[in-house]
Amino acid sequence: MKRLTGAALTFAAVLAASAAGAQTGTLERVKARGELICGNHIALPGFGLQGADGRWDGLDIDLCRAVASAIFNDPNKVKFVPTTPQMRFVVVQSGEVDMLARNATYTMSRDTTAGMSWPIINYFDGQGFMVRKSAGVTDAKGLNGASICVTQGTTTELNLADFFRANKLKYEIIGFSTNEEGVKALEAGRCDAFTTDSSGLAAERLKFSKPDDFVILPTLISREPLGPAVKRGDESWFALVKWAHYAMLNAEEFGVTKSNVDEMLKSGNPEIKRLLGVEGKFGEGLGLTNDWAYRIVKHVGNYGESFERNVGQDSRLQLKRGLNDLASRGGLQYPYPIR
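Visitor: Would you take a moment to explain the packing of aromatic side chains for this structure?
Guide: Given two aromatic rings, their pairing is described by the distance between the two centres and the angle made by the two planes. Counted under the stated rule, the structure contains 14 aromatic pairs. A ring pair is formed by W56 and F80, whose centres lie 6.3 Å apart and whose planes are at 45°; its orientation type is tilted. Linking W56 in strand β3 (residues 56-57) with F80 in strand β4 (residues 78-83), this pair joins segments that are 24 residues apart in sequence. Side by side, W56 and F80 carry an identical accessibility label, which is buried. Each member of the aromatic cluster is reached from another via a ring pair, and the members are F47, Y123, Y303 and F307. We note R321 situated over the ring of F307; from NZ or CZ to the ring centre the distance is 5.1 Å.

Take a look at the structure:
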């Protein structure tokens, strides 16, 4: 048998180290690092926005804080990385972020060819249009011949083309690299309408100097299931992010809130006992302590609390729960059982 040369031994060692690194799961890397790295929106009120004090807030931000709470018992052990529409998936694929929580639409092509997985949908939405009130347009079909501002590199462009083609309408696209540039162009009169997810329109409208001069048309031209994305291949990490959301849904379903979670530890309801880690060892399967869901509710709250303070009636956006209500109240948010 031939002896390996020094160079060959070195190369073999590098390969072994690389293989070992590849086998290290995301959760182990996050724990070793001491913080979660989360890709988020640059500046979208209600979903991901940095305040004057430097603190990030929003519905997507809360999901990142929920994951950090489950792991570290500390919602602040998160490094937020603002991402553009063009770079948001690249940072997931490269491993620069552990998860992306940035109003990204779950589509078949992204699921099957982009090397990413969507654990859950934390906001069900649809694409709409915003126009000047003075234009007198009341329906999307009234935009025949209009110039439409749109963010490039998103599913928004394809939806726009499909809608105008299906309805045999003419339009002109004016593309921008970010939503911020597009809405500024609408405000400046450079286009007749701006299009993106309806929730995004409500958020961007708040940035205008005169928000009441603009209206969001009632027409929705697509289905936009929005949620976090993780790099494909780490099923344990996929499950952790997924169950962080389901924990928040279960907490809302059973009336467990940020303010009463300690009292609820004494509940006789077996489902609440399992949720909060009083009974069972469900955290072990996620690589966490069994009070992982208690930590989420204690630091972040349940889904309804997060929704209301960020985008709901208690927020500036004042969006209705609608499709994002619990399934028990006619919505699409279904709390999968912890058992």
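Visitor: Looking at this model, I keep getting lost on the environment of S236. Mind explaining?
Guide: In this fold, S236 is placed in helix α9 (residues 235-253). For S236, a relative accessible area of 53% translates into the label exposed. Between the C-alpha atom of S236 and that of G25, which follows or precedes it by 211 residues, the distance is 7.8 Å.

Visitor: Honestly, the sheet that holds strand β12 (residues 214-216) in this entry has me stumped. Any pointers?
Guide: Each strand in a sheet pairs with its neighbour through backbone hydrogen bonds, running either in the same direction (parallel) or in the opposite one (antiparallel). Pairing is mixed in the open sheet, where five strands are placed in the order β10-β9-β11-β8-β12. Strands at the two margins of the open sheet, each flanked by one partner only, are β10 (171-176) and β12. Going from strand to strand, the sheet's axes swing by 30° on average, the running direction of each strand aside. Relative to strand β11 (residues 193-197), strand β8 (residues 127-132) runs antiparallel, the two sharing five bridges. Of the residues in β11, the one forming a bridge with M130 is F194. Contacts between helix α6 (residues 155-166) and the sheet are confined to β8, β9 (146-151), β10 and β11, with β8 contributing the most and set at about 80° to the helix. Along the sheet, helix α7 (residues 179-187) makes contact with β8, β9, β10, β11 and β12, crossing β11 at roughly 150°.

Calculation notes
Residues numbered from 1 in each chain as written. Predicted model: local features only at pLDDT ≥ 70, side-chain atom pairs only at ≥ 80, totals over all residues. Heavy atoms only, no water. Phe/Tyr/Trp six-rings, centres within 6.5 Å; stacked < 30°, edge-to-face > 60°. Helix = DSSP H or I, 4+ residues; strand = E, 2+ residues; numbered from the N terminus. Buried < 20%, exposed > 50% of the residue type's maximum accessible area, 1.4 Å probe, protein only. Lys NZ or Arg CZ within 6 Å of the ring centre and 35° of its normal. Pairing = 2+ DSSP bridges. Axes fitted to C-alpha atoms, helices over the stretch in contact; angles between N-to-C directions. Contact = heavy atoms within 4.5 Å.

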